[in-house]
Every structure is written in structure tokens, then in C-alpha cells.
Amino acid sequence: MEGVMEENTERGTSVAVKGEAAIKPEFLTTKEKFHDLIDSEWQGCKGETTGESDTPEEVKDTSVGEPEPKRVKLDPEEEKKVEKTDRKRFRGQNKSRPHTKPTTYEEKRLCLSVIQKRECTFGDKCTFYHDVAAYMASKPADIGERCYLYETFGKCEYGLTCRFSKEHTTPDFQTTEKEDLVKAFEGRTLTKNNLSKDLQFRLRKRSVAFEKSEEYLKTLSNNKDKKRHHGNANQVEVCAPEGSADPKDENVAADKQLNTNPDNPPPVKTLGPLTDADVTKLRPCEKKQVDFRDKLYLAPLTTCGNLPFRRVCKRFGVDITCGEMAMCTNLLQGHQSEWALLKRHESEDLFGVQVEGCFPDTMTRCAELINNNADVDFVDINSGCPIDLVYKKGGGCGLMTRTRKFEQIIKGMNHVLDVPLTVKIRTGVQEKSSIAHKLIPEMKTWGVSMITLHGRSREQRYTKLADWDYINTCAELASPIPLFGNGDILSYEDAMKARETGVSGIMIARGALIKPWIFTEIKENRHWDISSSERLDILKDFTNYGLEHWGSDTRGVEKTRKFMLEWLSFMCRYIPVGLLERMPQKINERPPYYMGRNYLESLMASQNVGDWIRISEMLLGPVPKNFIFLPKHKANAYK
């Protein structure tokens, strides 16, 4: 520790910094030395490959400051002296970040009719290129010589607009195909749950029928009427003289007379014979069964938990994957961007979707819509989202305090679904007032198939440590329904400790973003000292999956880059195992400035946005001139 003390003295402190990971002294450095090394070697590499020695201007402009160092917790007396202005509450998002559409990176695009070899429907009014030669002259230079889509599937549907088009374009601007590969993939659906134009049109015109939902919602309204009727009947009963008839008995007798009288037509028009399917409902035990126990569950991650990232995690052994949180109202309105969150790759063998909402009618209809138009193994209700936008409307964590609505939502969704319904919750809303243990016994009776509990409250968000003792208590209350625990798992040792509690399985969120190979570590019970080149190969796989999912044209390339940069804002927190003085790395410990065992390892440790852009340029070519990026998530979990 003396070496650490000396190094920390050089870095400006006289003692070991609280809240920082313990790294071997020989790798520690200062902020200035770290960035001098990164910048000098990067300029050297640029000079060798392109003949340029200066850093690109766009990289300088997009670089922003790094997260502030962790504030050391003061004594209670000193804490009182801190002014209220200094007690700024840190939020988890950069809400004022610029939003740039990927289409703005191309001044003028090639008309789709030229790519599809058909007549343009806009005629002379079309503002896109129709002259292929003129488009190719203005098109940005190709990123590489090999097109992943062409080599994998035998053809590239983006044709001339592909940023790797040299491989599949002839000198006279014709696209080529590999017939053997095209035949191999013919009739094979790699991505499911696409929103069809017909369904989108019917959703926008509100012409989609929700028969099961209306049936359930009618029972809710009938129950309200009955409660009002019983309330009035009780008042009459108190005031009625002795010996008078009971209004309830009269109502029952009237109902019997109505049902037995052949002159009265039935309340519902019938056509044809009555079958068993008309009168028999699907019992819970007859629904599709999913064995959740002892599985590794990748949490639904907003922004970063996209389909290409889930494919990366599937390679490393995750068992259960789930789409990003989707707003039920946007799904019902046919928003293309929201339906994209439901897409499922063929490699995802156990896949679910997560929906968010706050009212029984919209959530029930949304569940029926998914049940009839998407291929999923389960549907998850997000009642743990802490963000204000969701909570203030009564959704997310707000559902935990609205138990009556919560019950109606769960029962309604169960009524219309043929697959299991799961719920993700937190310990509660306030930090010192946990309510999950009160909700879980009730949810068992409502028909939930599985519960996931994040061991923090909404007030905590992602700060402080998850309460695994409380998770264990809730797991005992949930039995025999499986309960998954979630929070602070970054190594196989953390996973082993979590499994020692009564949980049926574990869900991993930020741990997978920091090191997606954590699933391999857990299954093989080992620490993996993964090299920087192996980590770059993981990013290459993500790049290829992104080009396949979002496209290999300029728009798809920049969309892939954007999501890669969002992921790198988490991945940079990883500290290689060989550099740690004490294993394992903890998720709430901030990495200090350190030099890696090679330049790439040091570059991947940088928390500067400009360095993340450099990594993306290694895989996706130079950024456009007007490129701007700010990460969505701040590292407030260190605060």
C-alpha cells in the first residue's frame, strides 16, 4: 500500500482515494500523463497511416469533460457546513444533449427507386439523386473494401449507397450477388416482430379489434356498477321497514327469470353451434410454460440493450434476453421506432418484451396486440423505472404505490396473454421505506409467473449498494414463484454470493455493459483477463451486427456508431484483471487513471468522449464533419 500512497501523493492526494479501485502501483499515473500518452501515440498512428499528424477538428469539438472525481463523504459536522448550492442532485441523464438525426450526415441521398430499380412515385418533384454517376461522385469515400452483408448473405440490399460498395459494385455501377449464399438464406427470417404496413395503418386508424381486452374491461366497469349498486342497496336496507323484501333477492330472481324465459332473446347474438372453445378459457396451467430457474438474465437496458448488443451477449452465454422498455401508448399508435424495440433475432431462444404503462385499458390492449402480432416467450411489466417522465404519470415505480391499478393491469394482461407475465420492481419509492415485501404476496395471487427485484429504491436510483439481504427476504415470500435478484453483479464471485441467497436466478444490467463476457465468467467460475485485442474483436462483432440491423449506408453506419459510443461510456469503466491489486473489481468503484499493458488497453480505459470516437473511427471510419455526440448516461453511480 505504500506504493499506492506514493502514487496517490503524485496525483494530488496524501492518502489512498476512497471509492477508487485498487490498481497495482506500477500502472497508476496522472490525468495529464495519461492524456499526453493517448494523444501523442494516436497522432503518431495517424501520421504513419494517413500522413497526417494533427487530431481531426471534429474529434476535438466533440470531446467533453470527463466525470468529476468521486466526492469523499464528509463527517456529519462538516457535512452540515456545506452550502445548499453545493448539494446539487446528480441525475442519470444528459437531458440537454444534442439530438442529431443520422439523415443529416448526407447532403443529398440516392432515391430509393433507383436502388430498387422501379419508377419514382414523386416524379420531377423528387429531391433525391436519380443520376447514379452524380451520386457516386458526391458520395463519401468507402470505409472499407469488404462488405459484411455481401460476404455473409451473398447480397447487400443497400447496393450503391453501401459504405463498403466497392466489393459488390461493377465499374458501370451494377451490383453483384453470390447465388450460393443467397439460396442458403432464402426463406429464412433472421429478425422477427417487424411492424407490417397493414398493421401500422390499422393502428393509426384505430380499426384493430381488441376482443379479449374489451371483455376484461367490461368486467371492470361491471364491478364498479355493482359496488355502486350494493352501496345504494345497503342504504335502502337500513331505511326499509321490517318485513319488507330484500332488493338483492329480487335482483337474483329477476336474473333467473330472464335466463329461463324462452321469449327473451339472449343478451349476445349467437351464430352456429356452441363449441367448447366458446365457453372454456385458457387456464394458467395451460399457458405456455417457461422454466426461468437457474438462468442468467440480461436486463432490458434502455438505449444500450439493442438487438446487436443482445447478440453479443448471446455469444457469451446469456440465457434470457429482453427487449428495451417500450411505451404501451406508442405501440398502440403504431410508432415504428417503438415497435423496433420488440424485434427479436433468431439466436435469442428465450426472449421477452418489456412494456410500460399506467392504466389497465392501454396495458391490456397492448398485451393483446403483442400476443397476436409478435413472437415472444414472455411479457414483462416495468414497474421499477425511476425516471421522472414515467414516474410522474403513474408508471414505472409509481405502480408500486397504486396497488389497485397495478392489480387490474396484471389481471387484465394475464387475461389476454398466452405466454407468462413477469414483473420487474424495486424495493420501493423512498430509500428508507421498502414496500416490495408487502406487494409480493399479493402479486402471487394476481397471477404473476416471475418477479425481478432490483435491490434499490427509486430515490437511490443507481447509487449506494443493492440490498441483497432484503432481496433474500422477498425471495422467501415469493416462493414458489421464481424471484430474480438484480444489482451490483460485476464478477462471478458477486454472482456466487447472490446465488447463496434464496433467489431463483440473477439479472445482470450494468455489469453486462461494462463487460459482456461476464456471462462466460459466471458459467465457468473464473476471472477472465481478456486482452484489449479481444475486446476490440467484440466491438467489431457489434459493428457487423449493427450494420446488419441498421444498415450499411451512411445512415446505418452513423446509427451504429451512436449506439457503440453509448456502450463505450460504460465499457471504459472496465479494469483489466491483470492490473488489479485486489480482485474482483466492484461496480461502485471508479477506475483511477492508469496505463494499460499496451496502447489499445490505455485507449479503452479513457473516459473522454473524444477517445471513444477514435475507437469508433478504427471500425467505422472517420466521423462526418458535423458529427456531435454526448453520452446519454452520466457516471452518477460513483457519487
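Whatever comes next refers back to the structure up there.
Residues numbered from 1 in each chain as written. Predicted model: local features only at pLDDT ≥ 70, side-chain atom pairs only at ≥ 80, totals over all residues. Heavy atoms only, no water.

Undergrad: Describe the environment of T30, naming the residues involved and giving the relevant values.
TA: Following the sequence through the fold, T30 ends up in the loop between α1 (2-10) and α2 (31-50). For T30, a relative accessible area of 13% puts it in the buried group. Measuring from C-alpha to C-alpha, the distance between T30 and P592 comes to 8.7 Å, with 562 residues separating the pair along the chain. A distance of 3.3 Å separates a polar atom in the side chain of T30 from the backbone nitrogen of K33. (Helix = DSSP H or I, 4+ residues; strand = E, 2+ residues; numbered from the N terminus. Buried < 20%, exposed > 50% of the residue type's maximum accessible area, 1.4 Å probe, protein only. Polar contact = N/O pair within 3.5 Å; in protein donor to acceptor, adjacent residues only side chain to side chain.)

Undergrad: So what's going on with the pairing of strand β8 (residues 421-426)? Residues and values would help.
TA: The side chains of a regular strand alternate between the sheet's two faces. Burial runs high along β8: 6 of the 6 residues are buried. Both strand β7 (residues 378-383) and β8 contribute to a ladder of 5 bridges, which runs parallel. What sits directly across from D380, in β8, is T422. Judged from the 5 bridges that link them, β8 and strand β9 (residues 450-454) form a sheet pairing that is parallel. Within β9, the position partnered with K424 by the bridge is T452. A crossover connection joins β8 to the parallel β9 through helix α19 (residues 436-446); in handedness this β-α-β unit is right-handed. (Pairing = 2+ DSSP bridges. Right-handed = clockwise from strand over helix to strand, strands pointing away.)

Undergrad: Run through the state of the cysteines, naming residues and quoting values.
TA: Applying the stated rule across the entire model yields 0 disulfides. We note that C120 lacks a disulfide partner, and the nearest cysteine sulfur, in C111, lies 3.8 Å from it. Residue C120 is classed as buried on the basis of its relative accessible area, which comes to 14%. Unpaired in terms of disulfides, C126 finds its nearest cysteine sulfur in C111, a separation of 3.9 Å. (Disulfide = S-S within 2.5 Å.)

Undergrad: Could you give an account of the side chain of R344, with specific residues and numbers?
TA: Of note, R344 is situated in strand β5 (residues 344-345). Here the side chain of R344 touches D377 through a polar contact of 2.8 Å, side chain to side chain. With sequence-adjacent residues up to four places away left out, R344 is seen in contact with L190, T191, K192, N193, L307, D349, L350, F351, D375, V376 and D377. (Contact = heavy atoms within 4.5 Å.)

Undergrad: For the packing of helix α24 (residues 532-550) against helix α27 (residues 609-620), give the residues involved together with the corresponding values.
TA: Running from N to C, α24 and α27 point in directions that differ by 65°, and their axes come no closer than 10 Å. The crossing of α24 and α27 is right-handed. Of α27, the residues touching α24 (which contributes L536, L539, K540, T543 and L547) are I615, M618, L619 and L620. Partitioned by chemical class, the residues of the contact of α24 with α27 number 7 nonpolar, 1 polar and 1 charged. (Axes fitted to C-alpha atoms, helices over the stretch in contact; angles between N-to-C directions. Left-handed = near helix turned anticlockwise from the far one by under 90°. Nonpolar A, V, L, I, M, F, W, Y, C, P; charged D, E, K, R; others polar.)

Undergrad: Account for the side chain of D319, with residues named and values stated.
TA: Here D319 lies in the loop between α13 (307-315) and β3 (321-322). A distance of 2.9 Å separates a polar atom in the side chain of D319 from the backbone nitrogen of L296. A distance of 2.9 Å separates the side chain of D319 from the side chain of K523, its partner in a polar contact. Every residue in contact with D319, bar those within four places of it in the chain, is listed here: K295, L296, K314, D349, L350 and K523.

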